[in-house]
Amino acid sequence: MFGAIAKALFGSENDRVLKLMQKRVEAINALEPQLANLNDEELAGRTRWLKERLSSGETLNDLLEEAFATVREAAKRTLGQRHFDVQLLGGSFCIRARSPR
């Protein structure tokens, strides 16, 4: 009975995970206008910047929003295709599943 009440108030574990990951998708979307203003050279420079951050000890989780936003912008420019939010959500889940908790 307590479990049912808690689930009704707080949602299932899956609901909580999706809510957290949706915030990441919103953060990725918030970076889109900034990245759209970069020229191609500046956008390519973000890859080096992300690699430097990773090698200095930051985790994939730390870089997720910036990396996904960069990839989305690069795909938009080179392929003419923009990742859907649900694709970002799925990718976020994969990174989350690989990262230590």
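The present account deals with the structure reproduced in this document. Fair warning: this is a prediction, and the values are worked out from it, not measured in the lab.

When its secondary structure is counted, the protein chain shows 5 helices and 0 strands. Beginning at the N terminus, the succession of helices and strands in the protein chain can be written as α-α-α-α-α. Residue burial in the protein chain is summarised as follows: out of 101 residues, 27% are buried. Summarising the internal contacts of the protein chain: among those between residues at least 6 apart in sequence, 65% fall at separations of at least 24. As presented, the protein chain carries roughly 7100 Å² of accessible surface, and 59% of it is formed by carbon and sulfur atoms.

Moving on: the side chain of Arg 72. Along the chain, the position of Arg 72 falls in helix α4 (residues 60–78). In this view, Arg 72 contacts Asn 29, Glu 32, Gln 81, Arg 82, His 83, Phe 84, Asp 85 and Leu 88; residues no more than four positions away in its chain are not counted.

Moving on, we come to the packing of helix α3 (residues 40–55) against α4. Each pair of packed helices can be described by the angle between their axes along with the distance between the axes. α4 packs onto α3 with a crossing angle of 160° between their chain directions and a minimal axis gap of 10 Å. One finds that α3 runs roughly antiparallel with respect to α4. With respect to the hand of their crossing, α3 and α4 are arranged in left-handed fashion. Contact residues: Asp 40, Leu 43, Arg 46, Trp 49, Leu 50, Arg 53 and Leu 54 in α3; Leu 60, Asp 62, Leu 63, Glu 66, Ala 67, Thr 70, Glu 73, Ala 74 and Arg 77 in α4. Among the residues making up the contact of α3 with α4, the classes are represented as 8 nonpolar, 1 polar and 7 charged.

With 24 residues, helix α2 (residues 13–36) should cover 34 Å at 1.5 Å per step; its first-to-last C-alpha distance of 35 Å lies within 8% of that length. Burial in α2 covers these residues: Val 17, Met 21, Val 25, Ile 28, Glu 32 and Leu 35.

How each quantity is defined
Residues numbered from 1 in each chain as written. Predicted model: local features only at pLDDT ≥ 70, side-chain atom pairs only at ≥ 80, totals over all residues. Heavy atoms only, no water. Helix = DSSP H or I, 4+ residues; strand = E, 2+ residues; numbered from the N terminus. Buried < 20%, exposed > 50% of the residue type's maximum accessible area, 1.4 Å probe, protein only. Contact = heavy atoms within 4.5 Å. Areas by Shrake-Rupley, 256 points an atom, 1.4 Å probe, with all protein chains shown as cover. Axes fitted to C-alpha atoms, helices over the stretch in contact; angles between N-to-C directions. Parallel < 35°, antiparallel > 145°, perpendicular 65-115°, else oblique. Left-handed = near helix turned anticlockwise from the far one by under 90°. Nonpolar A, V, L, I, M, F, W, Y, C, P; charged D, E, K, R; others polar. Expected span 1.5 Å × (residues − 1).

The values are spatial; any link to function lies outside them.
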